[in-house]
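Descriptive structure summary
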Amino acid sequence: QRRCRLQRLGLQLTEQGMLFRWRAQSSLADAKLDTSFQLGQLLAACAQDSFLWQQAGRIKHLDAEGLKARNQVSESFATARDIFLRANYEDAANWLERTRALAQKTGDDKFLIDASYLLQYALRLQPEQARVIALGEEILQKARHSNYGLCLATALAEVADAYSRLSLNDSALVILSRATTFAESMNDSTGLARCYFLQAQIHWQFGNHAQAEHSIKQVVAFDAPQRYRGQVLSLYGQIAKLRCEYDRAEKL
């Protein structure tokens, strides 16, 4: 049940280990990479998830040129993410495309998938829905090949959102069902909150208010950081008005 958290922790340690190796701090690097490798072995044994130990082992044995190349990918992704977090999505998309190209050149599936996932979001807001959908399929294939499932639920949720924006709501719900399955298998609360929120929005558009309310309750259950709090309260209020529960709607 802790697979998602262990995977995230292991990958953070792996990235820190890579930076320490790059800065010639070998003892600190080895400690972090060894811990990450052990977490990866645990996941491989209990969840048939080999990505983390492959990643830690690969970084631990990179030569100087390999470290330099991977550091370039890491720095490019960090820059892209900073621009993305400032909501400058057009420039972020350009940096993410650069990161994807560097990751493909070095054979780094992690940054290729991570950059592709953020690129989905940046393109969806521009909007370029067809590219978002194509990226989702690319991420799915690459993640299956490398056994890196951490971003799958949210990546597929972005595909579902793109289908919904194209008024293909039936296709969106099918994709969300797949995404929810991935999120549940990883115990990925972030992905589950995203999936259920999109389901709530689509059911609301269809007029399926009971199903929308059920999905909203699931969002609340998994959205510990309350990313969707304002939008959830708004949907609850609209449903209450339709049921003539005006006092409840006013409170919400």
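One structure accompanies this document, and this report is about it. Since the structure is predicted, the reported quantities are computational estimates derived from the model, not experimental observations.

**With respect to the environment of Ala172**
Checked against the element boundaries, Ala172 lands in helix α9 (residues 169-186). The class of Ala172 is buried, set by a relative accessible area of 0%. For the pair Ala172 and Arg227, spaced 55 residues apart in sequence, the C-alpha separation works out to 21 Å. Residues within four places of Ala172 in sequence aside, it is in contact with Ala160, Tyr163, Ser164 and Ile202.

**Looking at the nonpolar core**
Core analysis: the largest hydrophobic core is formed by 32 residues, its most contacted members being Phe77, Leu96, Leu119 and Leu176. Those elements that place two or more of their residues in this core are α4 (64-85), α5 (89-106), α6 (109-124), α7 (129-146), α8 (152-165), α9 and α10 (189-206). The greatest single-element share of this core, amounting to seven residues, is contributed by α6. Look past the residues within four positions of Leu119 in its chain and what remains in contact with it is Ala93, Leu96, Glu97, Arg100, Arg131 and Leu135. One finds Leu11, Ile113, Ile139 and Leu152 within the second-largest nonpolar core, a separate group that totals 17 residues.

**Thoughts on the packing of aromatic side chains**
Taken as a whole and judged by the stated rule, the model has eight aromatic pairs. Measuring from ring centre to ring centre gives 6.2 Å for Phe37 and Trp53, while their planes differ by 80 degrees; the resulting arrangement is edge-to-face. Pair noted here: Phe37 is in helix α2 (residues 26-47) and Trp53 is in helix α3 (residues 51-60), with a separation of 16 residues, a long-range link. Within the aromatic cluster, the residues linked to one another by ring pairs are Phe84, Tyr89 and Tyr121. In this arrangement the basic side chain of Lys110 is found over the ring face of Phe111, its NZ or CZ atom lying 4.5 Å from the centre. Arg124 extends its terminal NZ or CZ atom over the ring of Tyr121, reaching a point 4.9 Å from the ring centre.

**Points about the pattern of salt bridges**
Applying the stated criterion across every chain yields a total of 16 salt bridges. The partner of Arg3 in a salt bridge is Asp49, and the shortest N-O contact between them spans 3.1 Å. Of the two residues, Arg3 is situated in helix α1 (residues 3-22) and Asp49 in the loop between α2 and α3; the sequence distance between them amounts to 46 residues. For Arg3, a relative accessible area of 17% translates into the label buried. The buried category is assigned to Asp49, whose relative accessible area is 0%. Across the pair Arg100 and Glu97 runs a salt bridge, and its minimum N-O distance is 3.4 Å. Here Arg100 pairs with Glu97, and both are found in helix α5, just three residues apart, close to one helical turn. Taking relative accessible area as the criterion, Arg100 reaches 8% and is therefore assigned buried.

Basis of the calculations
Residues numbered from 1 in each chain as written. Predicted model: local features only at pLDDT ≥ 70, side-chain atom pairs only at ≥ 80, totals over all residues. Heavy atoms only, no water. Helix = DSSP H or I, 4+ residues; strand = E, 2+ residues; numbered from the N terminus. Buried < 20%, exposed > 50% of the residue type's maximum accessible area, 1.4 Å probe, protein only. Contact = heavy atoms within 4.5 Å. Core = buried A, V, L, I, M, F, W, Y, C linked by side-chain atoms within 4.5 Å. Phe/Tyr/Trp six-rings, centres within 6.5 Å; stacked < 30°, edge-to-face > 60°. Lys NZ or Arg CZ within 6 Å of the ring centre and 35° of its normal. Salt bridge = Lys/Arg side-chain N within 4 Å of Asp/Glu carboxyl O.

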